[in-house]
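# Reading the structure
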Amino acid sequence: MFSKSRINEPGPKAGAESDHPKAAEPAATKPAFDYTSSAPKAKPPASVLSSDLTITGNVKTSGDIQVEGVVEGDIRAHLLTVGESATIKGEIVADDIVVNGRVIGRVRGLKVRLTSTARVEGDIIHKTIAIESGAHFEGSVQRQEDPLATSGGQKPAVAPAAASAGK
């Protein structure tokens, strides 16, 4: 329909404004949209669940979450920050987990950090872990190369070992 010579020549574009600008405008704006849409995907802001919020049910995202309220259910995220006033009752799975508040349930993450204000009741499966002085932890700790790939199948192997070690 369009020849290469017409697209590259400035003369015909100026002469045939009714046909060519319509085709040229989407091509000109499309790279701008592609560039703009790739910038927000690089690092979107964390979703914040405020201290007055209570969620009953599971939460799943590929982004970051900061929990300040109460969640009764499982959470899956890229980066999960549990605030000092937060309580999570359920399993949490994330690449990076920072616990400042209370977690009742299993914790699975590549990097797990319990700060001095953390209160965790449950097993922790991790690749790397840091526990600050003053953190409260009750459960077992197990290191795995890929803790995110494990499922409930690994839990029975961990629980009897933890139970027999504790008695």
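Nothing here was measured: the structure is a model prediction, and the numbers come from that model. (Residues numbered from 1 in each chain as written. Predicted model: local features only at pLDDT ≥ 70, side-chain atom pairs only at ≥ 80, totals over all residues. Heavy atoms only, no water.)

## Structural notes on the overall build of the protein chain
When its secondary structure is counted, the protein chain shows 4 helices and 14 strands. The buried share of the protein chain, reckoned over its 167 residues, is 31%. The contacts in the protein chain between residues at least 6 apart in sequence include a share of 8% that link residues at least 24 apart. A total accessible area of about 10,200 Å² is found for the protein chain, and carbon and sulfur atoms account for 55% of it. (Helix = DSSP H or I, 4+ residues; strand = E, 2+ residues; numbered from the N terminus. Buried < 20%, exposed > 50% of the residue type's maximum accessible area, 1.4 Å probe, protein only. Contact = heavy atoms within 4.5 Å. Areas by Shrake-Rupley, 256 points an atom, 1.4 Å probe, with all protein chains shown as cover.)

## With respect to the sheet that holds strand β9 (residues 102-104)
The strand order across the open sheet formed by 6 strands is β2-β5-β7-β9-β11-β13, and the pairing between neighbours is parallel. Whereas interior strands pair on both sides, the edge strands pair on one side only; in this sheet they are β2 (54-56) and β13 (136-138). Neighbour-to-neighbour, the strand axes of the sheet open up by a mean angle of 5°, direction not taken into account. Across 3 bridges, the pairing between β9 and strand β11 (residues 119-121) is parallel. Paired with Ile104 across the bridge in β11 is Glu121. (Pairing = 2+ DSSP bridges. Axes fitted to C-alpha atoms, helices over the stretch in contact; angles between N-to-C directions.)

## Remarks on the pairing of strand β6 (residues 75-82)
Direction of pairing for strand β3 (residues 59-60) relative to β6: parallel, over a ladder of 2 bridges. From the neighbouring strand, Lys60 faces β6, where its bridge partner is Arg76. As defined by bridge partners, strand β4 (residues 64-67) adjoins β6 across 4 bridges and the pair is classed as parallel. Residue pairing across strands places Ile65 opposite Leu80, the latter belonging to β6. In terms of strand pairing, β6 meets strand β8 (residues 92-99) through 7 bridges, oriented parallel. Bridge pairing in β8 places Thr81 opposite Val98.

## A few points about the nonpolar core
Soluble, globular proteins show a tendency: their nonpolar side chains are buried together. Core analysis: the biggest nonpolar cluster contains 23 residues, and Val67, Ile75 and Leu80 have the highest contact counts within it. At the level of elements, β4, β6, β8 and β10 (107-114) are the ones that each hand at least two residues to this core. Ignoring any residue separated from it by four or fewer positions in sequence, one finds Leu80 in contact with Ile65, Val67, Ile75, Ile88, Ile92, Ala94, Asp96, Ile97 and Val98. (Core = buried A, V, L, I, M, F, W, Y, C linked by side-chain atoms within 4.5 Å.)

## Thoughts on the confidence of the model for the protein chain
For the protein chain, per-residue confidence averages 78 on the pLDDT scale, and 64% of positions sit at 70 or higher. The model gives residues 152-167 a pLDDT under 50, and that stretch makes 8 contacts with residues more than four places away or in other chains. (pLDDT = per-residue confidence, 0-100.)

## A look at a nonpolar patch on the surface
Taken together, the side chains of Ile129, Ile131 and Val141 define a hydrophobic patch exposed on the protein surface, amounting to about 220 Å² of accessible area. Among the structural elements, Val141 can be located in strand β14 (residues 141-143). (Patch = residues over 30% accessible without salt bridge, like charges linked within 9 Å, V, L, I, M, F, W, Y side chains within 5 Å. Salt bridge = Lys/Arg side-chain N within 4 Å of Asp/Glu carboxyl O.)

## Details of the pairing of β8
Taken across its 8 residues, β8 has 6 buried, putting it largely inside the fold. Taken together, the 7 bridges between β8 and β10 define a ladder with parallel strand orientation. Of the residues in β10, the one forming a bridge with Ala94 is Gly109.

## Re the pattern of salt bridges
Per the stated rule, a full pass over the model turns up 6 salt bridges. Between Arg108 and Glu91 there is a salt bridge, with its nearest N and O atoms 2.9 Å apart. Linking Arg108 in strand β10 with Glu91 in the loop between β7 (87-89) and β8, this pair joins segments that are 17 residues apart in sequence. Classification of Glu91 by relative accessible area gives buried; the value is 14%. With a closest N to O distance of 2.9 Å, Glu121 and Arg102 form a salt bridge. With Glu121 in strand β11 and Arg102 in strand β9, this pair connects stretches of sequence that are 19 residues apart.

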